[in-house]
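Structural characterization, general
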Amino acid sequence: MSTASLAFSTPADKPRWQRWLIFSPLARIVIFVALTWAATKGLVLVLHAFGLTMKGASPVVVGWLQFALRAIPALIGYLVLVYGIERRRPAELALRRVAPDGLAGIVGGTVLFSAVVGALWLLGSYHVTGFNAQAAWLPALLTAGLGAGIGEEIMFRGALFRIVEEGLGTWAALVVSALFFGAVHISNPGATLWSSAAIAIEAGLLFGMIYHVTRSLPLCMGVHAAWNFAQGTIYGIPVSGMAVDGWLVSTRSGPDWLSGGVFGAEASVVALTLCTLCTVALFAVARRRGSIVAPSWRRRG
């Protein structure tokens, strides 16, 4: 088992109180949450000072505001954590990786969700009933696409997965980050325990392994954003229970375990199966590389 891929570890040469209250994995997660919360509050105040609110605004303006609130505070919190506490350059967010890795993620996410839709169509569950050329694609791209992709990947992979992996190892980091990722979707429209479990397994584990194998947040962001955009705007399927305005007007038939029901195709066994197969393939890559990180107490031993 290797620790070569870890971006940071609690420094052994610091005083004990600093190791516990500043540099430990738990402390840094708490610091990140506090920084992101403060950045969110600060951004809201700035937007309000310029008269920018969602009340009465056009869908495009709402989309830009949602994007800002979803992506910017998390990015600020993460950069302050990395530069201010960990004292390093964030290789996982290096500018040189943003374009190529982000594009690769967009292609991968689009292909993956297209495979899900293709399988549902072959099984007689997905049906196209029309085409909507006037679909509001830009607000969807800004919110469910880029906003969710950037903000959530920073929070769940850049902060939670990465830092938990430093302390408890790769397997625990996968479980913890996936459970939290599934849990935050439990309050979505049409959500059930099954849909949250499906999100945790198919997306939480998959995105965690993508990050573990590549150490690239732009790649994770691209996959996440493209998955959401393809699901809603291209194929007209609810995104995690949220209503969409898609180019393809579609319906899904059959039992909920197949179609995903009102929550969308993410709650379908088809999505669960295809994403799990991708996750298993990434597991195999990690095992072959020997990149699985052991818990910190085993590494010290």
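It should be noted that the structure appears before, not after, this text.
Notes on the structure in this doc start here. Throughout this description, residue numbers start from 1 for each chain and increase along the sequence as written. Note on the predicted model: pLDDT of at least 70 is required for a residue's local features to be given, and 80 or more for side-chain atom pairs to be given and counted; whole-chain, interface and lining totals, by contrast, use all residues. To get the side-chain values, take all heavy atoms of the structure and skip hydrogens and water.

Regarding the overall build of the protein chain
Broken down by element type, the protein chain carries eleven helices and two strands. Using C-alpha atoms as the atom set, the radius of gyration is obtained and then compared with a globule rule of 2.2 Å times the number of residues to the power 0.38. For 301 residues, the compact-globule estimate of 2.2 N^0.38 gives 19 Å, and the protein chain sits close to it at 20 Å. Expressed along its principal axes, the backbone C-alpha trace of the protein chain runs to roughly 65 × 50 × 35 Å. Burial here depends on accessible area, computed with a 1.4 Å probe over protein chains only, as a share of the maximum for the residue type. Under 20% is buried, over 50% is exposed, and the range in between is partly exposed. Taking all 301 residues of the protein chain together, 49% fall into the buried category. In what follows, residue pairs with any heavy atoms lying within 4.5 Å of each other are defined as contacts. Considering only contacts within the protein chain whose residues lie at least 6 apart along the sequence, 73% involve residues at least 24 apart. All accessible-area figures derive from a Shrake-Rupley calculation using a 1.4 Å probe, and residue coverage is judged against the displayed protein chains alone. Total accessible area on the protein chain stands at roughly 14,300 Å², and carbon and sulfur atoms take up 71% of it. The helix and strand labels rest on DSSP assignments: H or I over at least four residues marks a helix, E over at least two residues marks a strand, and numbering proceeds from the N terminus.

Some thoughts on the pattern of salt bridges
Between side chains of opposite charge, pairing is possible as soon as their charged atoms come close. The term salt bridge refers to a pairing of a side-chain nitrogen on Lys or Arg with a carboxyl oxygen on Asp or Glu at a separation within 4 Å. Scanning all chains against the criterion turns up ten salt bridges. Linking glutamate 86 and arginine 88 is a salt bridge whose minimum nitrogen-to-oxygen distance equals 2.8 Å. Judged by its relative accessible area of 13%, arginine 88 is buried. Between glutamate 86 and arginine 162 there is a salt bridge; the shortest N-O distance is 3.0 Å.

Description of the side chain of serine 291
With respect to the secondary-structure elements, serine 291 resides in the loop between α10 (269-289) and α11 (296-300). Serine 291 gets classed as buried once you look at its relative accessible area, which sits at 12%. Among the polar contacts listed, one links the side chain of serine 291 to the side chain of histidine 212, at a separation of 2.8 Å. Two N or O atoms count as a polar contact when they lie within 3.5 Å, although within protein this holds only if one can serve as hydrogen donor and the other as acceptor, and sequence-adjacent residues are included solely when both atoms are side-chain atoms.

Regarding the packing of aromatic side chains
Here a Phe, Tyr or Trp ring, Trp counted by its six-membered ring, pairs with any other such ring whose centre lies within 6.5 Å, and the pair is stacked when the planes are under 30 degrees apart, edge-to-face when over 60, and tilted otherwise. Applying the stated criterion to the full structure yields eleven aromatic pairs. Between tyrosine 126 and tyrosine 235 the ring centres are 6.4 Å apart and the planes differ by 80°, which places this aromatic pair in the edge-to-face class. With tyrosine 126 in strand β1 (residues 126-131) and tyrosine 235 in the loop between α8 (217-234) and β2 (248-252), this residue pair connects regions lying 109 residues apart in the sequence. When the centroid spacing of 5.2 Å and the interplanar angle of 75° are considered together, the rings of phenylalanine 156 and phenylalanine 181 count as edge-to-face. Of this pair, phenylalanine 156 sits in helix α5 (residues 137-168) while phenylalanine 181 sits in helix α6 (residues 170-183); the two residues are 25 residues apart in sequence, bridging distant segments of the chain. Accessibility expressed as a relative area gives 3% for phenylalanine 181, which makes it buried. Taken together, the ring pairs in this structure connect Phe113, Tyr126, Trp227 and Tyr235 into an aromatic cluster.

Thoughts on α8
Given the number of residues in a helix, its expected span is that number minus one, multiplied by 1.5 Å. In this model, α8 (18 residues) spans 24 Å end to end at C-alpha, consistent with the 26 Å of a helix rising 1.5 Å per residue. With 17 of 18 residues buried, α8 is to be regarded as a mostly interior element. Where α8 begins, one side-chain oxygen reaches toward the backbone nitrogen of leucine 219, 3.2 Å away; that side chain belongs to serine 216.

Side note on helix α4 (residues 95-122)
Along an α-helix, residues three or four apart share an orientation, since each turn contains 3.6 residues. Its 28 residues place the ends of α4 41 Å apart at the C-alpha level, agreeing with the 40 Å of an ideal helix rising 1.5 Å per residue. Within the sequence span of α4, burial applies to Arg97, Asp101, Gly102, Gly105, Gly109, Leu112, Phe113, Val116, Val117 and Leu120. Contacts made by the buried residues of α4 are with β1, α7 (193-214), α8, α9 (256-259) and α10. Following α4 by one or two positions, glycine 124 has its phi on the positive side, about 80°.

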